[in-house]
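Inside the fold
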Amino acid sequence: MNNNRIQIKALKAGNGDSFLISYIGNHGKRVNIMVDGGNGRQTFEDHIRKEIESRIKKKQIIDVFIITHIDQDHIKGLIYLTEDIKNPSSPILGSSIDKYWFNSAQKDKKVTTLIRNLDVSAREMAVFESYLHTLPDIQWDINNRLKMPMEIELYGAKITILSPNDELMAKFQTAYGNPDVGFQSTDYKKTINELKKLENRMYNEQKEDLDEKLQNATSIAFLLEYKEKSLLYLGDAIPEIIKVSLKQILMDRKVEKLKVDAVKLSHHGSRKSLSVTMLKMIDSRKFIISTNGKKAGLPNKSTIAKILLGTERKEGERITFHFNYENFSDCLNLTVDEKRADHFECLNANYQHGYCLTI
């Protein structure tokens, strides 16, 4: 891999997220950032664990493991990871992961029970956080919250935290809402033009139907910039929080748009997690969608329509959507004529563990 580039692996993680982001740091070694662990044992064993073990075989470590938030489809795989770490025969050791970035939902070091009738993973969060409490502060400190507008230097890369903020983290300690965002039925039978007209009308009438759920609002999202390359990683963050962060970045840098090489879309391509207003602040041609499509009708086809509608391009300039499962884009019923007319393409999983993109 070129020393000036970032490699992004969207791993097969069921209907959840697990990403491995790597680059050559300014210390001459490969830096590995893992984000989330998916939610299925089989996907963890077949894909996520094997990616971690492949780094260990190359005498590398996971420099930072980021857990964006406590929804089950992001955190459950961490239970299997901690089981591996505790297993004497496993090649994954406690020292295989240098640091964890995780915003605890607890007010103190005592693990409490969360509301259990939601998709917020109460048991898994408690088990995983119990493990984190056994680590020294240098690996994980409950008081070190990641929140906007923090900037963190990591071996030559700059990571700007875009979400959450102090107010939302305080609310999340005492209140929880329904986490699922998306349709229960899909919008895959509608054409791109039909969906573009619908999204355009909602935007013009300022009636965009957007995600406001609290635990998604507390999701860690970040901008990673390394040399001339950049990744906008949105986790499950909500549009309003990202919009505020982006607006501040644009003001500070005195630019009209934030140019990024790739965007990891929020909440598995939910249309409610992306606003046209937010899109107009971004200049990108590559969008990554992580899901096997087996929950809540995600991704929404409307999300693709919204991106095509909200992205300013030169004539004939192509947008690319990257999916982490084989032939997944076929289920969206996107026609060759639609792709040609709107100048976009869909690329499916290109290696055994998902989609690998180098920017």
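Report follows, based on the coordinates. All values reported here derive from a predicted model rather than from experimental measurement. (Residues numbered from 1 in each chain as written. Predicted model: local features only at pLDDT ≥ 70, side-chain atom pairs only at ≥ 80, totals over all residues. Heavy atoms only, no water.)

1. As for the packing of helix H5 (residues 192-204) against helix H9 (residues 301-310)
- Where H5 contacts H9, the axes come no closer than 8 Å and their chain directions differ by 70 degrees. By the angle between their axes, H5 is roughly perpendicular relative to H9. Contacts between H5 and H9 involve Ile192, Leu195, Lys196, Glu199 and Asn200 from the first element and Lys301, Ser302, Ile304, Ala305, Lys306, Leu308 and Leu309 from the second.
- Its residues placed into classes, the contact of H5 with H9 shows 6 nonpolar, 2 polar and 4 charged. (Axes fitted to C-alpha atoms, helices over the stretch in contact; angles between N-to-C directions. Helix = DSSP H or I, 4+ residues; strand = E, 2+ residues; numbered from the N terminus. Parallel < 35°, antiparallel > 145°, perpendicular 65-115°, else oblique. Contact = heavy atoms within 4.5 Å. Nonpolar A, V, L, I, M, F, W, Y, C, P; charged D, E, K, R; others polar.)

2. A short note on the pattern of salt bridges
- For the structure on display, the rule yields 16 salt bridges.
- As a salt-bridge pair, Glu326 and Lys12 come within 2.6 Å of each other at their nearest N and O atoms. In this pair, Glu326 sits in the loop between strand E14 (319-323) and helix H10 (336-342) while Lys12 sits in the loop between strand E1 (7-11) and strand E2 (19-24), placing the two residues 314 residues apart along the sequence.
- Under the relative-accessibility criterion, Lys12 is labelled buried at 8%.
- With a closest N to O distance of 2.8 Å, Glu199 and Arg271 form a salt bridge. Placement of the pair is Glu199 in helix H5 and Arg271 in the loop between strand E11 (262-264) and helix H8 (276-279), with a sequence separation of 72 residues.
- Glu199 gets classed as buried once you look at its relative accessible area, which sits at 0%.
- Note on Arg271: relative accessible area 5%, which makes it buried.
- In the salt-bridge network here, residues are joined through shared partners; they are Glu199, Glu208, Arg271 and Lys306. (Salt bridge = Lys/Arg side-chain N within 4 Å of Asp/Glu carboxyl O. Buried < 20%, exposed > 50% of the residue type's maximum accessible area, 1.4 Å probe, protein only.)

3. Quick word on the side chain of Asp63
- Note on placement: Asp63 falls in strand E4 (residues 62-67).
- There is no salt bridge for the buried Asp63, and the closest opposite charge comes from Lys99, which lies 7.8 Å off by N-O distance.
- For Asp63, the residues in contact, after removing those within four places along its chain, are Arg30, Val31, Asn32, Asp98, Lys99 and Tyr155. (Lys, Arg positive; Asp, Glu negative; His and termini not counted.)

4. With respect to the environment of Ser270
- Within the secondary structure, Ser270 sits in the loop between E11 and H8.
- Here Lys272 takes part through its backbone nitrogen, which lies 3.1 Å from a polar atom of the side chain of Ser270. (Polar contact = N/O pair within 3.5 Å; in protein donor to acceptor, adjacent residues only side chain to side chain.)

5. A closer look at the packing of aromatic side chains
- Under the defined criterion, the tally for this structure stands at 12 aromatic pairs.
- Pairing Phe102 with Trp140 gives two aromatic rings, centres 6.2 Å apart and planes at 35 degrees, and the pair type is tilted. With Phe102 in strand E5 (residues 97-102) and Trp140 in the loop between helix H3 (122-132) and strand E6 (151-154), the pair connects residues that are 38 residues apart, well separated along the chain. As far as the burial class goes, Phe102 and Trp140 line up, both buried.
- An aromatic cluster is present here, built from Phe65, Tyr100, Phe102, Phe128, Tyr131 and Trp140 joined pairwise through their rings. (Phe/Tyr/Trp six-rings, centres within 6.5 Å; stacked < 30°, edge-to-face > 60°.)

6. What about the nonpolar core?
- Counting residues in hydrophobic clusters, the biggest one holds 37 residues, and the most contacted among them are Ile304 and Phe321.
- Put simply, the parts of the chain that give this core at least two residues each are H5, strand E8 (221-226), helix H7 (239-253), H8, strand E13 (286-289), H9, E14 and strand E15 (344-347).
- In this structure Ile304 touches Ile192, Phe321, Phe323, Leu332, Leu334 and Phe344, once residues within four positions along its chain are discounted.
- Core analysis: the second largest hydrophobic core is formed by 30 residues, Phe19, Trp101, Leu224 and Tyr233 among them. (Core = buried A, V, L, I, M, F, W, Y, C linked by side-chain atoms within 4.5 Å.)

7. Observations concerning H7
- Here H7 contains 15 residues, and its C-alpha end-to-end distance of 21 Å stays within 8% of the 21 Å for a straight helix at 1.5 Å per residue.
- Of the residues one or two after H7, Lys254 is the one with positive phi, at around 55 degrees. (Expected span 1.5 Å × (residues − 1).)

8. As for helix H1 (residues 41-57)
- At Arg49, H1 shows its largest bend, some 35 degrees.
- Turning to H1, its buried residues number three or more, namely Thr43, Phe44, His47, Ile48, Arg49, Glu51, Ile52, Glu53 and Arg55.
- Those residues of H1 that are buried lie in contact with E1, E2, strand E3 (30-35), E4 and helix H2 (72-86).
- At the C-terminal side of H1, Lys59 shows a positive phi close to 60 degrees. (Bend = angle between axes of the 7 residues up to and from the residue.)

9. Structural notes on the pairing of E13
- In terms of strand pairing, E11 meets E13 through 2 bridges, oriented parallel. In the sheet register, Val263 faces E13, and the bridge partner there is Phe287.
- Where E13 meets E14, 4 bridges bridge the pair, whose relative direction is parallel. Looking at E14, one finds that Ile289 is bridged to Phe323.
- Chirality of the crossover, the property in question, places the unit of E13, H9 and E14 among those that are right-handed. (Pairing = 2+ DSSP bridges. Right-handed = clockwise from strand over helix to strand, strands pointing away.)

10. Remarks on the sheet that holds E5
- On the basis of which strands lie adjacent, the open sheet formed by 6 strands has the order E5-E4-E3-E2-E1-E16 and mixed pairing. Edge positions in the sheet fall to E5 and strand E16 (354-358), since each of these pairs with one other strand and no more. On average, each strand axis in the sheet is inclined to that of its neighbour by 15 degrees, with strand direction left out of account.
- As paired elements, E1 and E16 share 5 bridges and run antiparallel to each other. Paired with Leu11 across the bridge in E16 is Gly354.

As far as function goes, none of this settles anything; it's purely spatial.
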